[in-house]
Amino acid sequence: MTAATALAAPESPSAEPAAAPPARKRRFPLLRSGKALTGAVVFGCFVLLAVIGPWIAPEDPSKTGGPVLQSPSAQHLLGTTQSGQDILSQILVGARTSMLVGLVAATFATALGVLIGVTAGYAGGWTDDILSMLTNIFLVIPALPLTIVLTGYLHGGGWFPIAVVISVTGWAFGARLLRAQTLSLRNRDYIKAARAIGERPWRIVTVELVPNLGAIIVSGFLFTFIFAILTETGLSFLGLGSLSTWSWGVTLYWAQNSSAFTTGAWWWYVPPGLCIALVGASLSLINFGADELMNPRLASAEKKRRARRTPQPSPTAQEAGA
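Predicted model, so just to flag it, every value in this text is computed and none were measured.

Remarks on the overall build of the protein chain
Phase 1 of the analysis: For the protein chain, the count of helices and strands is 15 helices and 0 strands.
Phase 2 of the analysis: Burial statistics for the protein chain: of 322 residues in total, 36% are counted as buried.
Phase 3 of the analysis: Look at the contacts in the protein chain between residues 6 or more apart in sequence, and 69% of them connect residues 24 or more apart.

Here it is in structure tokens:
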């Protein structure tokens, strides 16, 4: 074969560079964020504790008769109380109550906020006036004193009434934000187009509006979750909660009632406080990841940061010669 023939001959298919395989999309895009992944792992550990905690507790948390005010040891990993109760058992059993209070209160409060806020923002008119007035009333009333008054009538009713009271007093702020965002979205072109083709209002709200409010709804749910745990802890710490059921707040109540803060029994109050702090931190990290996923501006900024951190491939010898 001559040099001219070799130059004129087309390149063989094998000489063509192989096409890069398409990038696989992750199944859970939220976990692409390191913050969200860390928060999800920590929060998942506490969810697991809430599920299996009462089964793996070494002792009955109410059992007395053990060594009094013993510091952490091999026999009692988190020490004992003034009555000889095992603190690790109280933490494990109380995890279920505290997490259930957060879950129930956050679910009810978020549902109320979405129902009232989106309805007021989309309907407008007198419906908006009445629902906005109701929201403003709950915003003006101090939440903690109202919660204390309501739980005073439900003393000894268990954790569920406390969760319902917290949700009733904690939905207004989220409803206010959702109403404002709905007022901004209801005049968008795609909403007008849906109304023009005769879509029913309930379908416009559920299919067009609510998905675009996802970031606010998720943020409100996570905020209400930790707010409910903190409120239940505060009520129990003041002796206004359900002392018949173990929770992290009840453990703190008995710690301060027995002067653990002044006697130096740190193993009595540090573990429940640390658990509450870790749950709050994990939910905050998940919220940051959700914002980066659902907010286009934050998502584009995160892509640019990743692109700057990713090392660029060095040019090959052929490209350098070209």
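Some points on the packing of helix 5 (residues 143–153) against helix 6 (residues 159–169)
Phase 1 of the analysis: Between helix 5 and helix 6, whose axes approach to 10 Å, the crossing angle comes to 145°. Considering how the two elements wind past one another, helix 5 and helix 6 form a crossing that is right-handed. Note on element contacts: helix 6 touches helix 5 through Ile162, Val165, Ile166 and Thr169, opposite Ala143, Leu146, Thr147, Leu150 and Thr151.
Phase 2 of the analysis: Residues belonging to the contact of helix 5 with helix 6 are distributed by class as follows: 6 nonpolar, 3 polar and no charged.

Notes on unusual backbone geometry
Phase 1 of the analysis: Unusually for a residue other than glycine, Leu69 sits at a positive phi of about 50°.
Phase 2 of the analysis: Positionally, Leu69 belongs in the loop between helix 2 (34–56) and helix 3 (87–123).
Phase 3 of the analysis: Residue Leu69 is classed as partly exposed on the basis of its relative accessible area of 31%.

A few points about the confidence of the model for the protein chain
Phase 1 of the analysis: Per-residue pLDDT for the protein chain averages 82, and the proportion of residues at 70 or more is 80%.
Phase 2 of the analysis: Per-element confidence in the protein chain is highest for helix 3, whose mean pLDDT is 93, and lowest for helix 1 (residues 3–8), whose mean pLDDT is 44.

As for the pattern of salt bridges
Phase 1 of the analysis: Counted under the stated rule, the structure contains 2 salt bridges.
Phase 2 of the analysis: Among the ionic pairs, Arg179 bridges to Asp128, the shortest N-O distance being 2.7 Å. With Arg179 in helix 7 (residues 172–185) and Asp128 in helix 4 (residues 125–140), this residue pair connects regions lying 51 residues apart in the sequence.
Phase 3 of the analysis: Among the salt bridges present, the one from Glu199 reaches Arg203, with a minimum N-O distance of 3.5 Å.
Phase 4 of the analysis: Looking at Arg203, the relative accessible area reads 35%, which means it is partly exposed.

A few points about the packing of aromatic side chains
Phase 1 of the analysis: For the structure on display, the rule yields 11 aromatic pairs.
Phase 2 of the analysis: Here the aromatic rings of Phe46 and Trp248 are separated by 5.9 Å at their centres, their planes lie at 80°, and the arrangement is edge-to-face. Taken together, the residues span a long stretch of sequence, with Phe46 in helix 2 and Trp248 in helix 11 (residues 248–257) at a distance of 202 residues.
Phase 3 of the analysis: Where Phe138 meets Trp171, the ring centres are 5.1 Å apart and the plane angle is 55°; that geometry is what we call tilted. Placement of the pair is Phe138 in helix 4 and Trp171 in the loop between helix 6 and helix 7, with a sequence separation of 33 residues.
Phase 4 of the analysis: Take Trp171: its relative accessible area is 5%, and that puts it in the buried class.
Phase 5 of the analysis: In textbook terms, an aromatic cluster arises when at least three aromatic residues are bridged by ring pairs, as seen for Phe43, Phe221 and Phe225.
Phase 6 of the analysis: It is Arg96 that lies over the ring of Trp55; its NZ or CZ is 6.0 Å from the centre.

Rules used in this analysis
Residues numbered from 1 in each chain as written. Predicted model: local features only at pLDDT ≥ 70, side-chain atom pairs only at ≥ 80, totals over all residues. Heavy atoms only, no water. Helix = DSSP H or I, 4+ residues; strand = E, 2+ residues; numbered from the N terminus. Buried < 20%, exposed > 50% of the residue type's maximum accessible area, 1.4 Å probe, protein only. Contact = heavy atoms within 4.5 Å. Axes fitted to C-alpha atoms, helices over the stretch in contact; angles between N-to-C directions. Left-handed = near helix turned anticlockwise from the far one by under 90°. Nonpolar A, V, L, I, M, F, W, Y, C, P; charged D, E, K, R; others polar. pLDDT = per-residue confidence, 0-100. Salt bridge = Lys/Arg side-chain N within 4 Å of Asp/Glu carboxyl O. Phe/Tyr/Trp six-rings, centres within 6.5 Å; stacked < 30°, edge-to-face > 60°. Lys NZ or Arg CZ within 6 Å of the ring centre and 35° of its normal.

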